[in-house]
Amino acid sequence: MPRLPVIVVEDDPFTRLIPLVLDPAASPERRAAFADFMSTDEPDFAGWCERVRQGAANIYPATVRMVSSESEMHGHLPGCSALVVESFRVTRDDLRAAGQLKVVQKFGTGLRNIDVAACVERDIKVLTLRRRANISCAEHAFGLMLMLARKLDELDGLVTVKRIETARGAFKPFDRSHTPGGNYARLGGTRALNGATIGIIGLGEIGHEIAVRARAFAMNVLYYQRTRAPESQERELGARHVPLATLLAESDWIVPQLPTLPSTRDLLGRAEFAQIKPGAHLINVANAALVNRDALIEALRSGRLGGAALDVHYKEPVAEDDELLSLDNLILTPRMAGSPRFNGLNDFEELITKLAREFAP
């Protein structure tokens, strides 16, 4: 009986989908959990898995080994046919241990963690994936920005005299014999994104997608991260690398987009909010822990921070009596940035199908 291909995968809540498609020994409990998770957009998850298998016959069935550390990954490389990583480093030493490795699949596009030159030397194919969920995160960030900039939550339904009077206290029409009739609800304080400055903290894959869209809005793009991006990327995005203090002082929109590490927890606290441009807005679709909760509330209540929108929360679901729910200048959404589920489903169909092509006879 032929030996099953061995695929080693960096463990991540989303990459756990790979063995559900390719490994018959995958946990039934995990299959049921993913079927529930995907049900909002794909009610027939089992049927989806079967359809993807049909396009991946060269690697189905397979033995899929999920690994939670670089050392564990290294230990499973002997006999490994394919390797899927997101953040784990793949070094020359790793490749020496992987005598049967044919392909390294990056779950993303950035290759800084993979020794590509060493892969080329050993004739190991390196594949990338522009993740649809990252694109959706950027879209959601801009959706939240537009809600705050255009006050869409306040304007929704404000189109009748009665509703305007209920919300605004009075209705007074413009003299249309002399003036245009726009904004007949007389709501002030809206702002344009065009010409505004956006400060992106972390120009990784999602930060890059946000910057792409900021340029489409003709925004000025600042970014901060410890390692400056390549000059070619800065040119593509029209982005300028600045110290964090400069970004905070000059940005109309602040978007933290870093992984949550001990070094990034509470990255934005009281000292940082004291440095922001008065009235600036904050958008967080990355992780709640990047922003100190107490400092955020203080900045919103004082008006130093003009508004904020959070798709990620300090506790999920949010408690009914959470103080954040009482803030008028804060928009909260229930971790929707990566949705719809077909972003992930289509990503993994593409990833698995591309891997299977590398094993074609």
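Computed from a predicted structure; not experimentally measured.

Draft legend 1. Region of the structure containing the overall build of the protein chain. Regarding its fold elements, the protein chain presents 15 helices and 12 strands. If you line up the protein chain on its principal axes, its C-alpha atoms span 85 × 45 × 40 Å. Going through the 361 residues of the protein chain one by one, you find that 46% of them count as buried. Across the protein chain, contacts joining residues at least 24 apart in sequence account for 63% of those joining residues at least 6 apart. Of the roughly 17,800 Å² of accessible surface on the protein chain, a fraction of 52% belongs to carbon and sulfur atoms. Each charge sign in the protein chain was given a centre, from 44 positive and 46 negative side chains, and these centres are 4 Å apart.

Draft legend 2. Representation of the nonpolar core. Core analysis: the largest hydrophobic core is formed by 31 residues, its most contacted members being Ile7, Leu17, Leu22, Phe45, Trp48, Ile59 and Leu351. The set of elements that each furnish at least two residues to this core consists of β1 (6–10), α1 (17–22), α2 (28–38), α3 (45–54), β3 (82–85) and α15 (342–357). Among the elements that make up this core, the one with the highest residue count is α15 (six residues). Judged by nonpolar contacts, the second largest core, of 30 residues, contains Ala196, Tyr223, Trp253 and Val255.

Draft legend 3. Representation of unusual backbone geometry within the structure. Across the junction of Tyr60 and Pro61, the peptide omega takes the value 0°, indicating a cis bond. Between Ser339 and Pro340 the backbone carries a cis peptide bond, its omega angle lying at 10°. Here Pro340 lies in the loop between β12 (330–332) and α15. Positioned with a positive phi, Ala218 is a non-glycine residue whose angle comes to about 60°.

Draft legend 4. Fine view of the pattern of salt bridges. If you walk through the whole model with that rule in mind, you get 21 salt bridges. Residue Glu209 is joined to Arg130 by a salt bridge in which the shortest nitrogen-to-oxygen separation is 2.8 Å. With Glu209 in helix α10 (residues 205–216) and Arg130 in the loop between β5 (125–127) and α7 (132–150), this residue pair connects regions lying 79 residues apart in the sequence. A relative accessible area of 6% means that Glu209 is categorised as buried. Its relative accessible area of 48% is what places Arg130 among the partly exposed residues. Measuring nitrogen to oxygen at the nearest pair gives 2.8 Å for the salt bridge that ties Arg132 to Asp347. Of this pair, Arg132 sits in helix α7 while Asp347 sits in helix α15, placing them 215 residues apart in sequence. For Arg132, a relative accessible area of 27% puts it in the partly exposed group. A network of salt bridges, in which partner residues are shared, links Arg132, Asp347, Glu350 and Lys354.

What counts, and at which threshold
Sequence positions are assigned chain by chain, starting from 1 and proceeding in written order. Local features are withheld for residues below a pLDDT of 70 in this predicted model, meaning they are given only at 70 or higher, and side-chain atom pairs are given and counted only at 80 or more; totals for whole chains, interfaces and linings count all residues. Hydrogens and water are ignored here; the side-chain numbers use all heavy atoms of the structure. In this description a helix means any DSSP run of H or I spanning at least four residues, a strand means any run of E spanning at least two, and both kinds are numbered starting from the N terminus. Relative accessibility under 20% of the residue-type maximum defines a buried residue, over 50% an exposed one, and the middle range a partly exposed one, all with a 1.4 Å probe and only protein chains included. Contacts: residue pairs with any heavy atoms within 4.5 Å of one another. Areas reported as accessible are Shrake-Rupley estimates using a 1.4 Å probe. Residue values count occlusion only from the protein chains shown. Counted as positive: Lys and Arg. Counted as negative: Asp and Glu. His and the chain ends are not counted at all. Charge positions are represented by NZ for Lys, CZ for Arg, CG for Asp and CD for Glu. Each nonpolar core is a collection of buried residues, namely Ala, Val, Leu, Ile, Met, Phe, Trp, Tyr and Cys, held together in the definition by side-chain atoms within 4.5 Å. The rule for a salt bridge is simple: a side-chain nitrogen of Lys or Arg has to be within 4 Å of a carboxyl oxygen of Asp or Glu.

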